[in-house]
Amino acid sequence: MRGGPVHVWISAIVVGAAAAATVACGPRPEPTDSVRTHEPAPATAVASIRSAVALPPNADGNPRCPDADAWGKDPFGAGILVTHWSDDTAPVTVLVRTRVGSDQAQRALLAPGELRLFEFPDIDQAAVSEVLIMTNTRRCYVPADPAALG
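Described below are features of the structure shown in this document. (Residues numbered from 1 in each chain as written. Predicted model: local features only at pLDDT ≥ 70, side-chain atom pairs only at ≥ 80, totals over all residues. Heavy atoms only, no water.)

Details of the state of the cysteines
Enumeration over the complete set of coordinates arrives at one disulfide. The side chain of Cys 65 participates in a disulfide bridge whose partner is Cys 140; the two sulfur atoms lie 2.0 Å from each other. With the S-S dihedral at roughly 95 degrees, the linkage between Cys 65 and Cys 140 falls on the right-handed side. Here Cys 65 is found in the loop between helix H2 (43-50) and strand S1 (70-73), whereas its partner Cys 140 is found in strand S7 (residues 139-141), with 75 residues between them in sequence. For the pair Cys 65 and Cys 140, one class covers both residues: buried. (Disulfide = S-S within 2.5 Å. Helix = DSSP H or I, 4+ residues; strand = E, 2+ residues; numbered from the N terminus. Buried < 20%, exposed > 50% of the residue type's maximum accessible area, 1.4 Å probe, protein only.)

A closer look at the sheet that holds strand S3 (residues 90-98)
In spatial order, the strands read S4-S3-S6-S7; together these four strands make up an open sheet with antiparallel pairing. With one partner strand each, in any of the chains shown, strand S4 (104-110) and S7 form the two edges of the open sheet. Along the sheet, successive strands turn relative to each other by an average axial angle of 20 degrees, direction set aside. Across six bridges, the pairing between S3 and strand S6 (residues 128-134) is antiparallel. In the strand pairing of S6, Thr 98 is matched with Val 128. (Pairing = 2+ DSSP bridges. Axes fitted to C-alpha atoms, helices over the stretch in contact; angles between N-to-C directions.)

Below, the structure is given as structure tokens:
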């Protein structure tokens, strides 16, 4: 008899180990509703939190720029700063219109994802009537940042 009892015992051990692993790693029961610790938020509440409040266009019909674009008082010196976050590679023009009639503009070529601070040291924040950002594909107005107007 060529290795008969040894092969039987090894086969029995392998089968037993496989059965034990199957039982130990089997499916776990799902928790019932009675043990739930929180309720999911209603879909309408989630949608209302995520939706931004759309501001109306300015007097010329230009839409508001994205939230990353803003202007305010320069904290390091005289004048104002305009921040612009570029989402594509395009020339950008920032136009600051004033109430006193002397408008100023700056132009730059930005890369995607680049944040640029445009400095206008000769413009007092009280004199600003509106700030526009223009690219080859978009023209929008920039809201004043209330935290930067101090």
